[in-house]
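Listed below, chain by chain, are the residues.
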Amino acid sequence: MSEIKTEYLSTLINNQSLEGMKQLNINELDLITVLVSTCLGLELAKLTPDNEKIAQLNKLNGTIILMKTELKSIESN
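The rules we used
- Residues numbered from 1 in each chain as written.
- Predicted model: local features only at pLDDT ≥ 70, side-chain atom pairs only at ≥ 80, totals over all residues.
- Heavy atoms only, no water.
- Helix = DSSP H or I, 4+ residues; strand = E, 2+ residues; numbered from the N terminus.
- Buried < 20%, exposed > 50% of the residue type's maximum accessible area, 1.4 Å probe, protein only.
- Contact = heavy atoms within 4.5 Å.
- Areas by Shrake-Rupley, 256 points an atom, 1.4 Å probe, with all protein chains shown as cover.
- Patch = residues over 30% accessible without salt bridge, like charges linked within 9 Å, V, L, I, M, F, W, Y side chains within 5 Å.
- Salt bridge = Lys/Arg side-chain N within 4 Å of Asp/Glu carboxyl O.
- Expected span 1.5 Å × (residues − 1).
- Arc of directions from axis to C-beta.
- Polar contact = N/O pair within 3.5 Å; in protein donor to acceptor, adjacent residues only side chain to side chain.
- pLDDT = per-residue confidence, 0-100.

Trainee: Explain the overall build of the protein chain to me, using residue names and the numbers behind them.
Mentor: When you go through the protein chain residue by residue, the secondary structure sums to 4 helices and 0 strands. Listing every helix and strand of the protein chain by position from the N terminus yields α-α-α-α. Each of the 77 residues in the protein chain was classed as buried or not, and the buried ones make up 27%. A fraction of 69% describes how many contacts in the protein chain between residues 6 or more apart in sequence connect residues 24 or more apart. Here the protein chain has roughly 5500 Å² of accessible surface; of this, 59% comes from carbon and sulfur atoms.

Trainee: For the environment of K72, give the residues involved together with the corresponding values.
Mentor: With respect to the helices and strands, the residue K72 is situated in helix α4 (residues 51–76). A relative accessible area of 49% places K72 in the partly exposed class. Distance from K72 to I26, taken between C-alpha atoms, is 8.0 Å for residues 46 residues apart in sequence.

Trainee: Can you tell me about a nonpolar patch on the surface, naming the residues and giving the values?
Mentor: A surface patch of nonpolar side chains, amounting to about 290 Å² of accessible area, comprises L31, V34 and L35. Within the secondary structure, L35 is located in helix α3 (residues 26–45).

Trainee: Mind laying out α3, listing which residues take part and the relevant values?
Mentor: Along its 20 residues, α3 runs 28 Å from first to last C-alpha, staying within 8% of the 28 Å computed at 1.5 Å per residue. Restricting attention to buried positions, one finds in α3 the residues I26, L29, T33, V36, L40 and E43. All buried residues of α3 lie within an arc of 95 degrees about the axis, which places them on one face of the element. For α3, exposure combined with an orientation more than 90 degrees from the buried face picks out N27, L31, L35, L42 and A45. The N-cap of α3, judged by a side-chain oxygen 3.0 Å from the amide nitrogen of N27 a few residues on, is N25.

Trainee: Please give an account of the confidence of the model for the protein chain that cites residues and values.
Mentor: Scored by pLDDT, the protein chain comes out at a mean of 80, with 69% of its residues at no less than 70. The secondary-structure element of the protein chain with the lowest mean pLDDT is helix α2 (residues 18–23), recorded at 58, while α3 shows the highest, at 92.

Trainee: So what's going on with the environment of P49? Which residues, and what values?
Mentor: Tracing the backbone through its elements, the reader meets P49 in the loop between α3 and α4. Take P49: its relative accessible area is 29%, and that puts it in the partly exposed class. In contact with P49, not counting residues within four places along its chain, are E43, L44 and I54.

Right, dumping it as structure tokens:
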């Protein structure tokens with residue numbers, strides 16, 4: 001998780017993801033998290049799950065959690 005956090009924070013510093021964050025709100029990020037989690041559950045339910053896909057979905061979930069945290073701090077200011 002620390003690698004994801006470091007990568008995400010560096011993009012924030014470079015303003016690479018601020019535009020995307022301005023276009024999404026917490027409720028939309030929650031919905032995206034549900035969809036990603038559903039995909040993850042379906043992948044895990046397979047007889048031979050794709051470990052690479054599972055890792056990508058977990059990374060995406062981690063990124064969304066960090067985005068939600070950052071949005072909450074922006075909204076509270």
